[in-house]
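# Structure assessment
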Amino acid sequence: MFDSLSDRFEGIFTRLRSRGKLTEKDIDEIAREIRLALLEADVNVRVVKALIARIKERANGAEVAKSLSPAQQVIKIVHEELVATLGGDARKLSVNPKPPTVVLLAGLQGSGKTTAAAKLARWLERDGKRPLLVGADLQRPAAVEQLKVLGERVGVPVSSTGSDPVEVARNGIDEAIRLGRNFVIVDTAGRLQIDVELMDELRAIRDAVNPDDSLLVVDAMTGQEAVNVAEAFAETVDLTGIVLTKLDGDARGGAALSVKEVTGRPIMFAGVGEKLEDFEPFYPDRMASRILGMGDVLTLIEKAEQAFDAEQAAVATEKLRQGEFTLQDFLEQMRQMRKMGPLQNLVAMLPGVPKELRNADVDEGELARIEAIICSMTMEERSNPTVINGSRRIRIAQGSGTTTQDVNQLLKQFKQVSQMMKQFSRVNKKGKRKLTGLPPGFDPSALGGPGGLKL
Amino acid sequence: MSESLAPIVLIGIFVLAAFLLVLPRIVRSREASRDGGATAAPSRPSTPPPLAEAAPAAATTEVPPELVEEIESIEVVEEAPPDEPPRLRDRIGKTRASFAGLLGVLRRGGKIDAAAWDELEEALLLADVGMTTTQSVVDGVKARAAAAGADADADALPDLLRAEITERLEATATDRSLHHAAEGPTVWLMVGVNGVGKTTTTAKIAKREIADGNKVLLAAADTFRAAAADQLAKWADRLGCALVRGQDGGDPGAVVFDAMDAATARRTDVVIVDTAGRLHTKVNLMRELEKLKRIVERTPGALQEVLLVLDASTGQNGLTQAREFAGAVDITGVVLTKLDGTAKGGVVLAIEDEFQVPVKLVGLGEGADDLVPFDPAEFAAALVE
Ligand SMILES: Nc1nc2c(ncn2[C@@H]2O[C@H](COP(=O)(O)OP(=O)(O)OP(=O)(O)O)[C@@H](O)[C@H]2O)c(=O)[nH]1
Ligand SMILES: Nc1nc2c(ncn2[C@@H]2O[C@H](COP(=O)(O)OP(=O)(O)OP(=O)(O)O)[C@@H](O)[C@H]2O)c(=O)[nH]1
Ligand SMILES: [Mg+2]
Ligand SMILES: [Mg+2]
């Protein structure tokens, strides 16, 4: 279902090439594909319309058809438009010259407010600030306990005294002044934007603490509803920013676009996990790629820079191009790659990977087995697998706790895969083809395994 | 250009290479486990028995005696006849954008024209039905309009749509009840991504079962999230039912293990297991869930429902959630929560279509009474309204 945009354009532009000129009809057709891609990513229907109008205008003006690669050209325009929409004026949290600075968190039930409050506290603490957490959710069972546990974990005091949320919030400010804390983060109960009573309560909390920043916490898995939520909260408490949570999943996150478009408020932070350190600034360009199903190449590069030894990697790449890539090289690179995190997450960041592969369950244990098999080989065997005869196979299997069948299969697959990768790397060297997909002619069913891939 | 691309190319190559190497093996082992899994005992030679399953039901459990007392007294006390259960129609968000209002053709009057079909498509998309299912629903309505005569009036559109959606849903399942074991304890396992309403729904279902005269035990198998067990404990306290909990950060398997023991020992009718929220992309967490399920399955016939809790505001990711949870723990039903908001929860149409898993219950608020059975006709009406 989640074909990347470039695949979608393929058909349109092949026809186009023979004509060399974009007609109105072509543009409409392209627009339709963009619309589909955005809708599948949960961008709100109305927001899609506005975006398409802007994109069409730009595509019309630009010399798309004459460019060498019109598909890439259009994708670039779409991508740029999304980045522009998502980004805009990036800004940091305000700091009140007269402390404490107050940050108010609000949002739907279960969106991640309490977790975000603790993450933000940790973030500020690391930035040399002295935050205080205020638990103003007196509604959900054990909400304050939850915040207290989290506060303890990050070493930030939690205040929650008073009989109603407004009083608790006000007391929190007093407590901060007493304790000399210069930031106050107010966690509120989850509420539906149509719940008049609770929205009034939120306004009352706002009036009581006069926040410097009011942040809406939005779940990245939210669908069309995101615009209604954002509009209502923006109206109630004059939002100044947005926190997008649960981005560690595989939701395309079109809600980010919707929320940004209707509120005009910047998305300031991203929640990328349940742990309190899983919190980062929001990167519009990554989000744009993600919404378009283009993978998260930038994150991948960042991770790679930390994990890989550049020189060794360069040597390995050259070997790959020359077709001299050995099992030993593979072992070394694989070990570095595993430092980057679970393989499945990495694959999800690659652009243009078919969804069958993207969604396949990856068993990290299999990687360990492969590693064990290679480790049971001698250096000679690793660089020249053809010497591996029957008795060597048995030895390798025994040494790695696998079967000769496993060893056979690894050898066979390695041959196929390295062949394919060689081809792939050559294509890239010529610079003609960006990494927007698997090598031409890639056919997963050609791989070993009984009956090929049935996913 | 090619310089700056080098790292991407390189990483891409290695990631893919490693991936392609493991892939055929995964397919193979999956097939093997499916074949074997259908008939064989839960013990698989390839997977060593998890530690917790072997661990004795021990000190980690804490069943507050006063709760056990309470449940005994409840059995004697005549339950007041439950209040009228809330109805979907009365409880869905009052100010939700009117679906019919989106269909300009209703205002224009006259026949259903091409623009009307576009409007219908857009309205369905706005309800999170998703492109694929939307197109199929629109086709279905078109067929109905044709059958009603080539000159179907625009006025008929809402009815045609309602009928189409109702029949689709009815085709998935006729039985949307939660099943009880013929004998011995019944176990229902609550699963889902983070923050959707698993714990609250656990409490809501417990309340209903208690009202039906069943002896209920709640298992707080979320040992991970801060104060998750406290949250469920508060509910158990309010409802007056027993609770089994473990140490914070402890093994959820041990909690389930103990809950199963306690259920048998105390002749509990229904055990509801509240699990930690987990994103379906987290391989290890999904495996942990499989393990919890296996522990329940050691008591033959006990596991009757694995319920995927889904937030009505979820977009197309709901489909992926259903696919992954179904693949890991064979979900038997869906609970659609937070339908008291303005979100329409249309993704369940796609889920039922694609996976044939019925929605069984609907959450309509944060209170213990805010739960109703899922009714296809009512849901269709609420969607089209
Ligand atoms: N995977 C993941 N889970 C998250 C993230 N942020 C929060 N969560 C989880 O989402 C669930 C809900 O988070 P909470 O912080 O309790 O949400 P809340 O908005 O305070 O919820 P209410 O107070 O009940 O309205 C918890 O299980 C969190 O661990 C995130 O970035 N990634
Ligand atoms: N309006 C409304 N809120 C609900 C409903 N069901 C649950 N909630 C709220 O949603 C929030 C999250 O509910 P929980 O039951 O804690 O969700 P969970 O799935 O157990 O969350 P984790 O364990 O953190 O993954 C809470 O604030 C609940 O009160 C519902 O049907 N309607
Ligand atoms: Mg909270
Ligand atoms: Mg919970």
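Residues numbered from 1 in each chain as written. Chains lettered and ligands numbered in written order. Predicted model: local features only at pLDDT ≥ 70, side-chain atom pairs only at ≥ 80, totals over all residues. Heavy atoms only, no water.

## Brief notes about the site of ligand 1
Lining the immediate surroundings of ligand 1 are 22 residues, of which Gly112, Lys113, Thr114, Thr115 and Asp248 of chain A lie closest. The local environment of ligand 1 is shared, drawing residues from chains A and B. Between ligand 1 and Gly110 of chain A, the relevant distance is 2.9 Å, taken from an oxygen atom to a main-chain nitrogen or oxygen of the residue. The contact in question runs from an oxygen atom of ligand 1 to an N or O atom on the side chain of Thr114 of chain A, over 2.7 Å. For ligand 1, whose free accessible area comes to 640 Å², the fraction covered by protein is 95%. Of the residues contributing to the shell around ligand 1, the split by class is two nonpolar, 12 polar and eight charged. (Near = heavy atom within 4 Å. Polar contact = N/O pair within 3.5 Å; in protein donor to acceptor, adjacent residues only side chain to side chain. Areas by Shrake-Rupley, 256 points an atom, 1.4 Å probe, with all protein chains shown as cover. Nonpolar A, V, L, I, M, F, W, Y, C, P; charged D, E, K, R; others polar.)

## Let's talk about the domain arrangement of chain A
Parsing chain A into structural domains produces domain 1 (3-86), domain 2 (101-282) and domain 3 (301-427). One C-alpha centre belongs to domain 2 of chain A, the other to domain 3 of chain A; they are set 44 Å apart. (Domains from an automatic or database assignment.)

## Quick word on the pattern of salt bridges
Pairs can form between side chains of opposite charge once their charged atoms are near each other. Summed over the entire model, instances satisfying the criterion amount to 40 salt bridges over all chains. Notably, a salt bridge pairs Glu381 of chain A with Arg395 of chain A, separated by 2.8 Å at the nearest N-O pair. With Glu381 of chain A in helix H18 (residues 379-383) and Arg395 of chain A in helix H19 (residues 390-400), this pair connects stretches of sequence that are 14 residues apart. Under the relative-accessibility criterion, Arg395 of chain A is labelled partly exposed at 35%. Lys293 of chain B serves as the salt-bridge partner of Glu297 of chain B, at 3.2 Å between the closest nitrogen and oxygen. (Salt bridge = Lys/Arg side-chain N within 4 Å of Asp/Glu carboxyl O. Helix = DSSP H or I, 4+ residues; strand = E, 2+ residues; numbered from the N terminus. Buried < 20%, exposed > 50% of the residue type's maximum accessible area, 1.4 Å probe, protein only.)

## Looking at the packing of aromatic side chains
By the definition in use, this model includes six aromatic pairs over all chains. A centroid spacing of 4.9 Å and a plane angle of 15° characterise the contact between Phe269 of chain A and Phe279 of chain A, whose relative ring orientation is stacked. With Phe269 of chain A in strand E7 (residues 267-271) and Phe279 of chain A in strand E8 (residues 279-281), this residue pair connects regions lying 10 residues apart in the sequence. Owing to a relative accessible area of 6%, Phe269 of chain A belongs among the buried residues under this scheme. Here Phe279 of chain A falls in the buried class, since its relative accessible area comes to 8%. One aromatic cluster in this structure is built from Trp123, Phe269 and Phe279 of chain A. Above the ring of Trp235 of chain B, the side-chain terminus of Arg238 of chain B is found at 4.7 Å from the ring centroid. (Phe/Tyr/Trp six-rings, centres within 6.5 Å; stacked < 30°, edge-to-face > 60°. Lys NZ or Arg CZ within 6 Å of the ring centre and 35° of its normal.)

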